[in-house]
Amino acid sequence: MNNQMKTTRRNLLKSASAGCLLAASPLLGRFAGAQSSEPIKIGFQQHSTGIGAAYGRWYGRTTDAAVKMINDAGGINGRPIEIIAEDDGTDARRGAEVVEKFANQHNCDVAFGTLFSNVVIGSAPAAGEQKLPYFVVSEGHHVASGALNRYTLQPGITDVRSQVQAMAPYVAKNLGKKITMIYPDFAFGHDHRDYFSAAIEAQGGEVLELIPISPAETSFTKYFPKIPRDTEVLYHVMVGPAVLTFAKELGEFFGASSPAIFGFIDSLEAVDMAAPGLEFLEGTYFWEGNPRYAQADQTSYDKNFRAAVGVDDNGASLSDPSDVSTYAHMFGCWETLHIIKAGMEAADYQSTADRQKLIEAVEAMTDMPESDLHPQGPKLFNGKTHQVFGQQYISRVESGRLVKVHTTSIEDTFYPDAVDYTTQSF
Amino acid sequence: MDFGPHLLLAVLEGAVGASVLALTALGLSLVFGVMRVVNVAHGEFFMVGAVVAWFVATSVAGHPAIGFLAALVIAPLVAGGIAIVVDRLILKQVEYDPEATIVGTIGVLYILQQSALMIYGPEARPVEPPFNHRIALPWLEWGENGLAFFYPWGLSITSYKLFVIVAAIGILLAFWLVMSRTKAGLIMRATQMDRETAQAFGIPVQRVYSIVFGFGAALAALAAVLIVPIQQAHYLMGGDPLLLSFIVVIIGGLGSVRGTIVAALLVGMSDGIISVFFSPTLSKIIATLLVALVLVFRPQGLFGKKMA
Amino acid sequence: MSLGARSVALHLGLIAILIVLGLMLPTYHQGNLSRILVLATYAVGYNVLFGYTGLLSLGHAMFFAAGMYGCGMIMHLAGWSVIPAFVLGLVVAAMLSIVVGLLALRTIGVAFMIVTLMFAQTVYLTSLYFGAWTGGDEGFVISQASRQIAGYPLTEPTTRFFVALTLFGTALLLTAWMMQRRFGRVLIGVRENEERTTMLGYDVFQHKLAAVVISGVISGAAGAAYAVLFGYVGSTFATVQYSILPLLWVLLGGMGTTIGPLIGVAFMFYLIDYASGITSAYMLVAGATLVLLTLFARAGIVGEIRKRWVPWLP
């Protein structure tokens, strides 16, 4: 009865959509006996609309490229991957609904993809209840903090706590020890505030002033007078559509005499470094999750990754040089999909009944050497905290290009475990 | 930075925001005052203005000022045109029923946002200002040698920001002249005061409504063109201008141009100035509460007539 | 059948249909129905103030959020169990609605819209300001283990459905009953003609305040229920968007009808859910649908049915 209802409704939909989303059709029940040829269904929770749409677009392109690579090489255990994308609107409520849709409507094997922390945290309870492995590509500290559950993992991208603390040694040694921090006054900014303050003090530096910026702010000049005159390094991280204004007004405020400036590229993901108003950033430093511009010592892995996704040496789309990618984050989708593949093969994954075996297989992972599967660099996965650790990059803006000046070690990103998910029951 | 220069900077920055807000709110005030409907899509017309400005500015070669000037003309025309279509196709059909208009304009909001996302994309994109010079500002202080001028560190503004303030004042004056000195203004005011009587005197109320709705949207778009060299065009940028201008219109007192402008200054500058004293989120909380309390104790708004 | 009996039959019939649906529908749609019922409870609460009393609030997210935070934070931070935490959520929503009512009811019409909007913004900003406890924009998860009543896990789909249905049924029957009483008729009197109601000797302010509190508490109950049933609490639910949504749901379903809010929520939910399956530009579809509804069903879905075919619909 239930199946029939579902199919009829779906058939209706299909005719209306002219087969546009055939891929999403949950006809799984019919093939219950023939799993070996059936595709592995990965629910892709995508920020297609809402504030995260610029990320969602590139996460989508990276995902498609990774799936093509895996399927061309024979898929997972001989089965092709099928991506079922659903828009979460960058909204926590819709995110949870989409996870339930993956589990119960599309009958997905796993869910994956999302970036914004509120969507991850909003969706994680649904993933736990549906017992659906949920691989996030968020860089939030939520997974490793222990706030989520055994079904939620972040094996393809490092978290903000690692990233932030790994910056401190370089900043203290090369740029200065008296720091002023500017950050958005919500959770993401607070992670920067807390973890960087602690890390820089451990390096013998000090934070002179904390300048939170209120949410949805569109003009910033009025905050800058709070920057103390003896600041040696200005640390900034901003997100949202107003970041260009931020950089521009910072330049207008300081004129020619500014302290050293260190920022997180999150501010300028999907933004062209040559955009008018950004000239001021020349000579300043950025954290990069993955260098946007092809570097002199570019690995063949990075070269292949760019070619597969369709990104040129400047980090922009091959078909449209003004369409700049979210290069510092999107590799996470690529690496996560390869980890799902490796995990499923290690667990000899056959059907949704093997989801727990899959999680155990991923938890057992440790070293992930740099390769075509891990083009961003080598990584170390911590099965207890469900969080991966990896090296970070610092780049300097030279002639409008980001040039890598420092690579941290993986050890720089370690911090004590806050949770052991492996002790939790499924 | 010392307290005085810091406060001056907050005031100047607040004035830029307030100028743009005044224009946007005036558009909403006009629609609200004359037609008595809440246009939930007003902020989207602001967004359309910014997005069109980006398209115009990037497709016109030569000095950025040419593109900017072209955008100043084209963006309000496009937004106004869309608004007139919306008026004809939707608002007129539901006879300006207040509830139906809310649902209808929420529909228009979705349509405009999604169209912008598909045509323009999810990124924030800047428009180059026609001119932009950093102007250091002097400050007076009583020192050892008497009163002295000096240039405090960081106290500056840009020529373009000053231009925005001046341009907004110019547009507001022009608006006031149109409303008070021309026949078109008279017709709009008459329709606003009493629709039935206006109709009885042969005023084509339907056409006035269309024009008012288009004009309101054009004002929002014009404000957006002015601000887009400072902020960027983004498909979700319409939310804040809608809320703020809605607040400004009511605080100022319905139908009062003077009230709208005073309220825009109040709302636009208050959280900048309060943020000199408190942390930013706390100052937003305080500013929001203060504005709400203004209405609680003066429900007709600052310059509104007391309702019977 | 008398009017009252018809109304009782309709509401009990609706609940019976919902029970059947809840037991028959596939898991996915059963889950959706649970969500729809919780959100519909919110819309029912909104309808008390907007549909019946004629007061358009643009700040109801603050009541939803008050219930949600009141209930969720005490569970998360102090380990309270579901029932007492839920009650605390109601108490917080009630207190907030009394304060807001006393202040905002000094105004009417558009000023009331703006005052409620700004109070709601204050609540939203406050939830960010105290991010150390509320989790701010990221929010927090209520542990799965604590989400159970007397050993029955609320995470089990059918249990969750019946809890959601109980919540919605209570709110629906309560408001339907209220509207049959003199109190409800006075509220409608306030909506239709405030002066006349005053002249008839009713204390309009008292009735309006009561409507704000009832509306606020029902909205808060929905917020608290969302927290315990779905395990997430975050400032998203305090944003303006969540103040406009119940307005949209009620207008879509039909303002001043008892079942309109449920129909409005269900319609909007499945509109987005299905349209997003057909095209990535589903917001266009949603927008166009709203415009068409405005043009051809101005009184909302249930309102239009009442106008054309079933005039006795409550």
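Cut-offs used in this document
- Residues numbered from 1 in each chain as written.
- Chains lettered and ligands numbered in written order.
- Predicted model: local features only at pLDDT ≥ 70, side-chain atom pairs only at ≥ 80, totals over all residues.
- Helix = DSSP H or I, 4+ residues; strand = E, 2+ residues; numbered from the N terminus.
- Rg over C-alpha atoms; globule rule 2.2 N^0.38 Å.
- Buried ≥ 20, exposed ≤ 12 C-beta atoms within 10 Å, placed from the backbone.
- Contact = placed C-beta atoms within 7 Å.
- Core = buried A, V, L, I, M, F, W, Y, C linked by C-beta atoms within 7 Å.
- Pairing = 2+ DSSP bridges.
- Nonpolar A, V, L, I, M, F, W, Y, C, P; charged D, E, K, R; others polar.
- pLDDT = per-residue confidence, 0-100.
- Axes fitted to C-alpha atoms, helices over the stretch in contact; angles between N-to-C directions.
- Left-handed = near helix turned anticlockwise from the far one by under 90°.
- Parallel < 35°, antiparallel > 145°, perpendicular 65-115°, else oblique.

(A) Examining the overall build of chain A more closely. Each helix and strand counted, chain A has ten helices and 15 strands in total. Taking 426 residues into account, the globule formula puts the C-alpha radius of gyration at 22 Å, and chain A, at 22 Å, falls close to it. Counting only residues that meet the buried cut, chain A has 59% of its 426 residues in that class. Across chain A, contacts joining residues at least 24 apart in sequence account for 69% of those joining residues at least 6 apart.

(B) Broad picture of the nonpolar core. Core analysis: the largest hydrophobic core is formed by 341 residues, its most contacted members being B:Ala53, B:Ala79, B:Ala221, B:Ala224 and C:Ile114. Per element, the largest residue contribution to this core is 16 residues, and it comes from helix H8 (residues 205–227) of chain B. B:Leu9, B:Ala10, B:Leu12 and B:Leu155 belong to the second-largest nonpolar core, a separate cluster that totals five residues.

(C) Up close: the pairing of strand E10 (residues 285–288) of chain A. All names here are of chain A. Side chains of E10 alternate between two faces, with Tyr285 and Trp287 and Phe286 and Glu288 buried alike. As paired elements, strand E9 (residues 260–264) and E10 share three bridges and run parallel to each other. By the bridge assignment for E10, Phe264 is matched with Trp287. Of the strand pairs in this sheet, E10 and strand E14 (residues 393–398) are connected by four bridges, and their pairing is antiparallel. The partner of Phe286 across the bridge, within E14, is Ser395.

(D) Spatial organisation of the interface of chain A and chain B. Between chain A and chain B, the residue contacts involve 28 residues of the former and 30 residues of the latter. No other element matches the four residues that helix H7 (residues 243–254) of chain A contributes to the side of chain A that touches chain B. Partitioned by chemical class, the residues of the side of chain A that touches chain B number 15 nonpolar, eight polar and five charged.

(E) Highlighting the pairing of E14(A). Residues and elements named next belong to chain A. With six bridges joining them, E14 and strand E15 (residues 401–407) adopt antiparallel strand pairing. If you follow Tyr393 over to E15, its bridge partner there is Thr407. Between E14 and the antiparallel strand that follows it, E15, lie two residues; Ser399 among them carries a positive phi value of about 50 degrees.

(F) Expanded view of the environment of B:Phe55. Residue and element names in this part refer to chain B. Take Phe55: it is sitting in helix H2 (residues 42–59). Here Phe55 falls in the partly exposed class, since 19 other C-beta atoms lie within 10 Å of it. As a C-alpha pair, Phe55 and Leu147 span 92 residues in sequence and 50 Å in three-dimensional space.

(G) Spatial organisation of the interface of chain B and chain C. Each partner contributes to the interface: chain B provides 33 residues, whereas chain C provides 35 residues. When residues of the side of chain B that touches chain C are traced back to their parent elements, those giving at least two are helix H4 (98–119), helix H9 (239–252) and helix H11 (280–297) of chain B. Considering each element in turn, the side of chain B that touches chain C owes the most residues, 13 residues, to H4(B).

(H) Just unusual backbone geometry, in detail. Residues and elements named next belong to chain A. One non-glycine residue with positive phi stands out, namely Asn77, at about 50 degrees. Position of Asn77 relative to the elements: it lies in the loop between helix H2 (53–72) and strand E2 (81–87). Even without glycine at this site, Asp348 takes up a positive phi of about 50 degrees. Looking at the secondary structure, you find Asp348 in the loop between helix H9 (327–346) and helix H10 (355–363). Exposure remark for Asp348: the 11 C-beta atoms within 10 Å place this residue in the exposed category.

(I) View of the confidence of the model for chain B. Predicted confidence across chain B gives a mean pLDDT of 89, with 98% of residues reaching 70 or more. Overall fold confidence (pTM) sits at 0.92, and the ipTM for the predicted complex is 0.93.

(J) Region of interest: the sheet that holds strand E5 (residues 152–153) of chain A. Residue and element names in this part refer to chain A. Read from one edge of the open sheet, five strands run E2-E1-E3-E4-E5, paired in parallel fashion. Strand pairing shows two members of the sheet lacking a second neighbour, E2 and E5, which therefore form its edges. Note: strand E4 (residues 134–135) against E5, two bridges, orientation parallel. The residue of E5 that forms the bridge with Tyr134 is Thr152. The strands touched by helix H3 (residues 92–105) are strand E1 (40–46), E2, strand E3 (110–112) and E4; relative to E1, the strand with the most contacts, the crossing angle is about 170 degrees.

(K) Summary view of the sheet that holds strand E11 (residues 367–368) of chain A. Residue and element names in this part refer to chain A. Spatially, E11-E12-E13 is the arrangement adopted by the three strands of the open sheet, whose pairing is antiparallel. Each edge of the sheet is formed by a strand with only one pairing partner; in this case those strands are E11 and strand E13 (387–390). The sheet contact formed by strand E12 (residues 379–382) and E13 spans four bridges and is antiparallel. Considered in E13, the bridge of Lys379 is made with Gly390.

(L) Region of the structure containing the packing of helix H5 (residues 160–175) of chain A against helix H6 (residues 187–202) of chain A. Residue and element names in this part refer to chain A. The N-to-C vectors of H5 and H6 enclose an angle of 35 degrees; their axes lie 8 Å apart at closest approach. Every pair of crossing elements has a handedness; the one defined by H5 and H6 is right-handed. Mapping the contact onto sequence places Val160, Arg161, Val164, Gln165, Met167, Ala168, Val171 and Ala172 in H5 and Asp191, His192, Tyr195, Phe196, Ala199, Ile200 and Ala202 in H6. Class assignment for the residues of the contact of H5 with H6 results in eleven nonpolar, two polar and two charged.

(M) Highlighting the environment of C:Phe205. Structurally, C:Phe205 is set in helix H10 (residues 204–230). C-beta crowding within 10 Å serves as the criterion here: with 14 such atoms nearby, C:Phe205 is assigned to the partly exposed category.

(N) Here's a closer look at the packing of H2(B) against H9(B). Residues and elements named next belong to chain B. The N-to-C vectors of H2 and H9 enclose an angle of 130 degrees; their axes lie 7 Å apart at closest approach. One finds that H2 runs oblique with respect to H9. Note that H2 runs across H9; the crossing there is right-handed. Along the contact surface, H2 presents His42, Gly43 and Phe46, while H9 presents Gly239, Pro241, Leu242 and Ser245. Within the contact of H2 with H9, the residues separate by chemical class into three nonpolar, four polar and no charged.

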